[in-house]
Amino acid sequence: MTKLNLAVFISGSGTNLQALIDKRNSGELLADIVVVVSDRPDAYGLKRAERNNIPTFVVDYRKLLRKFPERHQAYYHAEEKIIGILSNFKVDYVCLAGFMRLLSPGFLQVFKDGLVHRVINIHPALLPSFPGQHGYEDTFYYGCKWGGITVHFVDEGEDTGPIIGQVVYPIWPDDSLETIKKRGLSLEHGLYPQCINWIARGFVQVQKLGNRIVTNITDPHYSAIMEEMIKKALSSKHERCDGGGSG
Ligand code: GAR
(Lines give C-alpha, C1' and ligand atoms only; values in the text may rest on other atoms or scores of the structure.)
Protein backbone atom coordinates (compact mmCIF):
# COMPACT_ATOMS: atom_id res chain seq x y z
CA MET A 1 0.00 0.00 0.00
CA THR A 2 1.29 3.46 -0.95
CA LYS A 3 0.06 6.70 0.54
CA LEU A 4 -0.69 8.92 -2.42
CA ASN A 5 -0.02 12.62 -2.78
CA LEU A 6 -2.99 14.35 -4.35
CA ALA A 7 -3.45 17.67 -6.11
CA VAL A 8 -7.14 18.54 -5.97
CA PHE A 9 -8.59 20.85 -8.63
CA ILE A 10 -11.80 22.75 -7.85
CA SER A 11 -14.03 25.44 -9.32
CA GLY A 12 -16.68 25.97 -6.66
CA SER A 13 -18.06 25.01 -3.32
CA GLY A 14 -15.62 22.16 -2.73
CA THR A 15 -17.79 19.75 -0.74
CA ASN A 16 -15.95 16.84 -2.37
CA LEU A 17 -12.65 18.44 -1.38
CA GLN A 18 -14.03 18.76 2.15
CA ALA A 19 -14.98 15.08 2.19
CA LEU A 20 -11.43 14.17 1.14
CA ILE A 21 -9.96 16.51 3.77
CA ASP A 22 -12.20 15.02 6.48
CA LYS A 23 -11.21 11.48 5.56
CA ARG A 24 -7.56 12.47 5.41
CA ASN A 25 -7.82 14.12 8.83
CA SER A 26 -9.47 11.03 10.33
CA GLY A 27 -6.84 8.74 8.79
CA GLU A 28 -9.38 6.98 6.53
CA LEU A 29 -7.90 8.32 3.29
CA LEU A 30 -4.76 6.59 2.12
CA ALA A 31 -3.57 9.86 0.67
CA ASP A 32 -2.49 13.37 1.53
CA ILE A 33 -3.74 16.49 -0.21
CA VAL A 34 -0.59 18.43 -0.99
CA VAL A 35 -2.04 21.27 -3.06
CA VAL A 36 -5.39 22.69 -4.20
CA VAL A 37 -5.77 24.52 -7.51
CA SER A 38 -8.82 26.55 -8.51
CA ASP A 39 -9.67 28.14 -11.85
CA ARG A 40 -11.70 30.80 -10.00
CA PRO A 41 -10.55 33.21 -7.30
CA ASP A 42 -13.99 33.09 -5.60
CA ALA A 43 -14.23 29.29 -5.24
CA TYR A 44 -15.36 28.59 -1.67
CA GLY A 45 -13.31 25.39 -1.67
CA LEU A 46 -10.17 27.56 -1.40
CA LYS A 47 -11.26 28.56 2.10
CA ARG A 48 -11.80 24.92 3.05
CA ALA A 49 -8.22 24.16 1.98
CA GLU A 50 -6.77 27.20 3.75
CA ARG A 51 -8.53 26.26 6.99
CA ASN A 52 -6.69 22.95 6.77
CA ASN A 53 -3.31 24.48 5.94
CA ILE A 54 -3.25 23.08 2.42
CA PRO A 55 -1.41 25.32 -0.08
CA THR A 56 -3.83 26.89 -2.58
CA PHE A 57 -3.30 28.45 -6.00
CA VAL A 58 -5.65 30.24 -8.37
CA VAL A 59 -5.12 30.08 -12.09
CA ASP A 60 -7.73 32.51 -13.31
CA TYR A 61 -8.99 31.02 -16.59
CA ARG A 62 -11.49 33.85 -17.15
CA LYS A 63 -8.75 36.46 -17.00
CA LEU A 64 -6.65 34.43 -19.45
CA LEU A 65 -9.64 34.00 -21.77
CA ARG A 66 -9.98 37.80 -21.87
CA LYS A 67 -6.26 38.24 -22.53
CA PHE A 68 -5.87 35.70 -25.35
CA PRO A 69 -8.12 35.85 -28.41
CA GLU A 70 -8.05 32.08 -28.96
CA ARG A 71 -9.48 29.75 -26.35
CA HIS A 72 -6.78 27.17 -26.89
CA GLN A 73 -4.10 29.80 -26.23
CA ALA A 74 -5.72 30.78 -22.94
CA TYR A 75 -5.99 27.13 -21.91
CA TYR A 76 -2.39 26.51 -22.93
CA HIS A 77 -1.17 29.34 -20.70
CA ALA A 78 -3.41 28.25 -17.83
CA GLU A 79 -2.13 24.69 -18.01
CA GLU A 80 1.50 25.86 -18.25
CA LYS A 81 0.94 27.74 -14.99
CA ILE A 82 -0.68 24.72 -13.36
CA ILE A 83 2.13 22.40 -14.43
CA GLY A 84 4.62 24.92 -12.99
CA ILE A 85 2.73 24.95 -9.67
CA LEU A 86 2.48 21.17 -9.48
CA SER A 87 6.19 20.78 -10.21
CA ASN A 88 6.85 22.23 -6.74
CA PHE A 89 5.02 19.33 -5.11
CA LYS A 90 5.34 15.61 -5.37
CA VAL A 91 2.00 14.84 -6.98
CA ASP A 92 0.97 11.24 -7.64
CA TYR A 93 -2.59 11.94 -8.76
CA VAL A 94 -4.60 14.93 -9.86
CA CYS A 95 -8.17 14.68 -8.54
CA LEU A 96 -10.76 16.82 -10.25
CA ALA A 97 -13.43 17.69 -7.70
CA GLY A 98 -15.96 19.90 -9.44
CA PHE A 99 -13.27 21.40 -11.71
CA MET A 100 -15.27 22.74 -14.64
CA ARG A 101 -12.49 22.98 -17.23
CA LEU A 102 -11.36 20.42 -19.75
CA LEU A 103 -7.71 19.43 -19.62
CA SER A 104 -5.82 19.26 -22.91
CA PRO A 105 -4.05 16.14 -24.23
CA GLY A 106 -0.77 18.03 -23.61
CA PHE A 107 -1.56 18.39 -19.92
CA LEU A 108 -2.71 14.79 -19.59
CA GLN A 109 0.49 13.58 -21.23
CA VAL A 110 2.45 14.91 -18.23
CA PHE A 111 0.52 12.42 -16.08
CA LYS A 112 0.59 9.48 -18.48
CA ASP A 113 1.01 6.21 -16.61
CA GLY A 114 0.81 3.11 -18.78
CA LEU A 115 -2.67 2.79 -20.24
CA VAL A 116 -4.19 5.65 -18.24
CA HIS A 117 -3.38 9.10 -16.89
CA ARG A 118 -2.89 9.77 -13.19
CA VAL A 119 -5.83 12.17 -13.33
CA ILE A 120 -9.23 11.19 -11.93
CA ASN A 121 -12.60 12.87 -11.94
CA ILE A 122 -15.91 12.60 -10.15
CA HIS A 123 -18.95 13.05 -12.34
CA PRO A 124 -22.55 13.39 -11.09
CA ALA A 125 -24.18 10.96 -13.53
CA LEU A 126 -24.04 7.31 -14.51
CA LEU A 127 -21.56 7.55 -17.39
CA PRO A 128 -21.60 7.11 -20.31
CA SER A 129 -25.01 8.79 -19.89
CA PHE A 130 -25.03 12.53 -19.36
CA PRO A 131 -21.42 13.70 -19.68
CA GLY A 132 -20.73 17.43 -19.38
CA GLN A 133 -21.37 20.11 -16.82
CA HIS A 134 -24.95 19.36 -15.75
CA GLY A 135 -25.06 15.73 -14.67
CA TYR A 136 -27.83 16.11 -12.07
CA GLU A 137 -29.96 18.39 -14.23
CA ASP A 138 -29.62 16.13 -17.29
CA THR A 139 -30.48 13.02 -15.24
CA PHE A 140 -33.49 14.62 -13.56
CA TYR A 141 -35.01 16.37 -16.57
CA TYR A 142 -34.59 13.27 -18.72
CA GLY A 143 -36.98 11.61 -16.31
CA CYS A 144 -34.57 8.93 -15.09
CA LYS A 145 -35.81 6.74 -12.25
CA TRP A 146 -32.27 6.06 -11.07
CA GLY A 147 -29.35 8.45 -11.06
CA GLY A 148 -25.70 7.66 -10.64
CA ILE A 149 -22.27 8.90 -9.69
CA THR A 150 -19.08 7.93 -11.53
CA VAL A 151 -15.40 8.20 -10.64
CA HIS A 152 -13.17 7.68 -13.66
CA PHE A 153 -9.69 8.14 -15.05
CA VAL A 154 -9.57 11.21 -17.28
CA ASP A 155 -8.76 10.71 -20.94
CA GLU A 156 -8.77 13.09 -23.91
CA GLY A 157 -12.56 13.07 -24.23
CA GLU A 158 -15.20 14.72 -22.06
CA ASP A 159 -16.04 12.26 -19.24
CA THR A 160 -15.11 9.30 -21.45
CA GLY A 161 -12.21 7.77 -19.50
CA PRO A 162 -12.07 4.32 -17.88
CA ILE A 163 -14.58 3.98 -15.05
CA ILE A 164 -13.18 3.20 -11.59
CA GLY A 165 -16.33 3.23 -9.47
CA GLN A 166 -20.04 3.88 -9.81
CA VAL A 167 -22.99 4.01 -7.47
CA VAL A 168 -26.68 4.51 -8.18
CA TYR A 169 -29.45 6.21 -6.24
CA PRO A 170 -33.22 6.09 -6.66
CA ILE A 171 -35.23 9.02 -7.96
CA TRP A 172 -38.65 8.92 -6.27
CA PRO A 173 -41.86 10.37 -7.75
CA ASP A 174 -41.85 13.33 -5.37
CA ASP A 175 -38.18 14.17 -5.77
CA SER A 176 -36.97 17.52 -7.04
CA LEU A 177 -33.67 18.50 -8.58
CA GLU A 178 -32.60 19.76 -5.14
CA THR A 179 -33.42 16.50 -3.33
CA ILE A 180 -31.60 14.34 -5.88
CA LYS A 181 -28.57 16.63 -5.78
CA LYS A 182 -28.47 16.27 -2.00
CA ARG A 183 -28.80 12.48 -2.25
CA GLY A 184 -26.18 12.25 -4.99
CA LEU A 185 -23.66 14.56 -3.32
CA SER A 186 -23.69 12.55 -0.12
CA LEU A 187 -22.85 9.47 -2.23
CA GLU A 188 -20.11 11.38 -4.06
CA HIS A 189 -18.50 12.10 -0.70
CA GLY A 190 -18.22 8.38 -0.03
CA LEU A 191 -17.37 7.12 -3.51
CA TYR A 192 -14.47 9.47 -4.26
CA PRO A 193 -12.37 8.57 -1.19
CA GLN A 194 -13.23 4.91 -1.73
CA CYS A 195 -11.88 4.98 -5.30
CA ILE A 196 -8.72 6.80 -4.17
CA ASN A 197 -8.19 4.14 -1.51
CA TRP A 198 -8.66 1.40 -4.12
CA ILE A 199 -5.91 3.00 -6.22
CA ALA A 200 -3.64 3.40 -3.17
CA ARG A 201 -4.12 -0.25 -2.21
CA GLY A 202 -3.38 -1.44 -5.76
CA PHE A 203 -6.93 -2.73 -6.23
CA VAL A 204 -7.48 -0.97 -9.58
CA GLN A 205 -6.28 -3.12 -12.46
CA VAL A 206 -6.26 -1.45 -15.85
CA GLN A 207 -6.58 -3.56 -18.97
CA LYS A 208 -7.58 -3.45 -22.62
CA LEU A 209 -10.92 -5.02 -23.45
CA GLY A 210 -11.55 -4.89 -27.20
CA ASN A 211 -10.72 -1.33 -28.14
CA ARG A 212 -11.57 0.14 -24.74
CA ILE A 213 -9.44 0.51 -21.65
CA VAL A 214 -11.34 -0.73 -18.61
CA THR A 215 -10.63 -1.30 -14.93
CA ASN A 216 -11.19 -4.28 -12.73
CA ILE A 217 -11.50 -3.72 -8.98
CA THR A 218 -9.82 -6.54 -7.12
CA ASP A 219 -10.81 -5.53 -3.58
CA PRO A 220 -12.12 -8.72 -1.90
CA HIS A 221 -14.65 -6.53 -0.03
CA TYR A 222 -15.93 -4.91 -3.23
CA SER A 223 -19.48 -6.27 -3.11
CA ALA A 224 -19.91 -5.50 0.61
CA ILE A 225 -18.71 -1.92 0.04
CA MET A 226 -21.09 -1.44 -2.89
CA GLU A 227 -23.98 -2.98 -0.97
CA GLU A 228 -23.37 -0.50 1.84
CA MET A 229 -23.40 2.45 -0.58
CA ILE A 230 -26.59 1.31 -2.30
CA LYS A 231 -28.23 0.75 1.09
CA LYS A 232 -27.33 4.31 2.03
CA ALA A 233 -28.78 5.60 -1.25
CA LEU A 234 -32.02 3.71 -0.67
CA SER A 235 -32.38 4.72 2.95
CA SER A 236 -31.98 8.40 2.09
CA LYS A 237 -35.59 8.06 0.79
CA HIS A 238 -36.78 8.52 4.35
CA GLU A 239 -35.06 11.87 4.68
CA ARG A 240 -36.43 13.25 1.46
CA CYS A 241 -39.53 15.15 2.46
CA ASP A 242 -41.40 16.64 5.40
CA GLY A 243 -43.56 13.92 6.77
CA GLY A 244 -45.44 12.77 3.66
CA GLY A 245 -44.85 10.20 1.01
CA SER A 246 -45.14 6.85 2.74
CA GLY A 247 -46.98 3.87 1.26
C1 GAR B 1 -20.08 17.77 -7.92
O2 GAR B 1 -21.42 17.36 -8.01
C3 GAR B 1 -19.24 17.09 -8.98
O4 GAR B 1 -19.63 15.77 -9.24
C5 GAR B 1 -19.54 17.98 -10.16
O6 GAR B 1 -19.51 19.27 -9.64
C7 GAR B 1 -19.95 19.25 -8.29
C8 GAR B 1 -18.91 19.93 -7.45
O9 GAR B 1 -19.36 20.06 -6.12
N10 GAR B 1 -18.60 17.80 -11.22
C11 GAR B 1 -18.92 17.90 -12.50
O12 GAR B 1 -20.04 18.17 -12.89
C13 GAR B 1 -17.77 17.65 -13.46
N14 GAR B 1 -18.27 17.51 -14.79
P15 GAR B 1 -18.36 20.43 -4.97
O16 GAR B 1 -17.60 21.68 -5.43
O17 GAR B 1 -19.26 20.74 -3.80
O18 GAR B 1 -17.44 19.28 -4.73
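Residues numbered from 1 in each chain as written. Predicted model: local features only at pLDDT ≥ 70, side-chain atom pairs only at ≥ 80, totals over all residues. Heavy atoms only, no water.

1. Some points on the overall build of the chain
So, step 1. Along its length, the chain carries eight helices and eleven strands.
So, step 2. In terms of C-alpha radius of gyration, the chain reaches 18 Å, essentially the compact-globule figure of 18 Å for 247 residues.
So, step 3. Buried residues in the chain amount to 49% of all 247 residues.
So, step 4. Of all intrachain contacts in the chain linking residues separated by at least 6 positions in sequence, the fraction that spans at least 24 positions is 66%.
So, step 5. Summed over its atoms, the accessible surface of the chain is roughly 12,400 Å², and 52% of this surface lies on carbon and sulfur atoms.
So, step 6. Here the chain carries 28 positive and 27 negative side-chain charges, and the mean point of each set is 3 Å from the other. (Helix = DSSP H or I, 4+ residues; strand = E, 2+ residues; numbered from the N terminus. Rg over C-alpha atoms; globule rule 2.2 N^0.38 Å. Buried < 20%, exposed > 50% of the residue type's maximum accessible area, 1.4 Å probe, protein only. Contact = heavy atoms within 4.5 Å. Areas by Shrake-Rupley, 256 points an atom, 1.4 Å probe, with all protein chains shown as cover. Lys, Arg positive; Asp, Glu negative; His and termini not counted. Charge placed at Lys NZ, Arg CZ, Asp CG, Glu CD.)

2. Focus: helix H8 (residues 222–235)
Residues that lie three or four places apart on an α-helix share one face, since the helix turns once every 3.6 residues.
So, step 1. Look at H8: 20 Å from first C-alpha to last across 14 residues, which is about the 20 Å you get at 1.5 Å a residue.
So, step 2. Turning to H8, its buried residues number three or more, namely Ile225, Met226, Met229 and Ala233. Down the axis of H8, the buried set is contained in an arc of 95°. They therefore lie on one face.
So, step 3. Buried positions along H8 lie against strand S9 (163–170) and helix H7 (177–200). (Expected span 1.5 Å × (residues − 1). Arc of directions from axis to C-beta.)

3. Section: the pattern of salt bridges
So, step 1. Per the counting criterion, the structure on display carries seven salt bridges.
So, step 2. Of the charged contacts in the structure, one is a salt bridge between lysine 90 and aspartate 92, with a shortest N-O distance of 2.9 Å.
So, step 3. Here lysine 181 and glutamate 137 are joined by a salt bridge, their closest N and O atoms 3.2 Å apart. Taken together, the residues span a long stretch of sequence, with lysine 181 in helix H7 and glutamate 137 in helix H6 (residues 135–142) at a distance of 44 residues.
So, step 4. The exposure class assigned to glutamate 137 is partly exposed, which follows from its relative accessible area of 23%. (Salt bridge = Lys/Arg side-chain N within 4 Å of Asp/Glu carboxyl O.)

4. Overview of the site of the ligand
So, step 1. Neighbouring the ligand are 13 residues; Gly14, Thr15, Asn16, Gly132 and Glu188 lie closest to it.
So, step 2. Note that an oxygen atom of the ligand is positioned 3.5 Å from one of the side-chain N or O atoms of serine 13.
So, step 3. Within the side chain of threonine 15, a nitrogen or oxygen atom sits 2.6 Å from an oxygen atom of the ligand.
So, step 4. Calculation on the ligand without its partners gives an accessible area of 450 Å², and the protein chains cover 88% of this total.
So, step 5. Because more than half of its atoms lie within 2 Å of the grid, the ligand is assigned to the largest pocket.
So, step 6. Those elements that provide at least two residues to the shell around the ligand are helix H1 (15–25), strand S7 (119–123) and H7.
So, step 7. Across the shell around the ligand, the residue classes break down as five nonpolar, seven polar and one charged. (Near = heavy atom within 4 Å. Polar contact = N/O pair within 3.5 Å; in protein donor to acceptor, adjacent residues only side chain to side chain. 1 Å grid on protein atoms, 1.4 Å probe; cavity = no way out; pocket = protein on both sides within 12 Å on 5 of 7 lines; lining within 4 Å. Sits in = over half its atoms within 2 Å of the grid points. Nonpolar A, V, L, I, M, F, W, Y, C, P; charged D, E, K, R; others polar.)

5. Looking at the packing of H1 against H7
So, step 1. Where H1 contacts H7, the axes come no closer than 9 Å and their chain directions differ by 50°. When the axis of H1 is compared with that of H7, the two are oblique. Crossing geometry of H1 relative to H7 is assigned as right-handed. Along the contact surface, H1 presents Thr15, Asn16, Ala19, Leu20 and Lys23, while H7 presents Leu185, Glu188, His189, Tyr192, Pro193 and Ile196.
So, step 2. Partitioned by chemical class, the residues of the contact of H1 with H7 number six nonpolar, three polar and two charged. (Axes fitted to C-alpha atoms, helices over the stretch in contact; angles between N-to-C directions. Parallel < 35°, antiparallel > 145°, perpendicular 65-115°, else oblique. Left-handed = near helix turned anticlockwise from the far one by under 90°.)

6. Comments concerning a positive patch on the surface
So, step 1. On the surface, a cluster of positive charge is made up of Arg62, Lys63, Arg66, Lys67 and Lys81.
So, step 2. With four residues, helix H3 (residues 61–67) is the single largest residue contributor to the positive patch.
So, step 3. In this structure, arginine 62 sits in helix H3.
So, step 4. Owing to a relative accessible area of 47%, arginine 62 belongs among the partly exposed residues under this scheme. (Patch = residues over 30% accessible without salt bridge, like charges linked within 9 Å, V, L, I, M, F, W, Y side chains within 5 Å.)

Shape descriptors only; they carry no functional weight alone.
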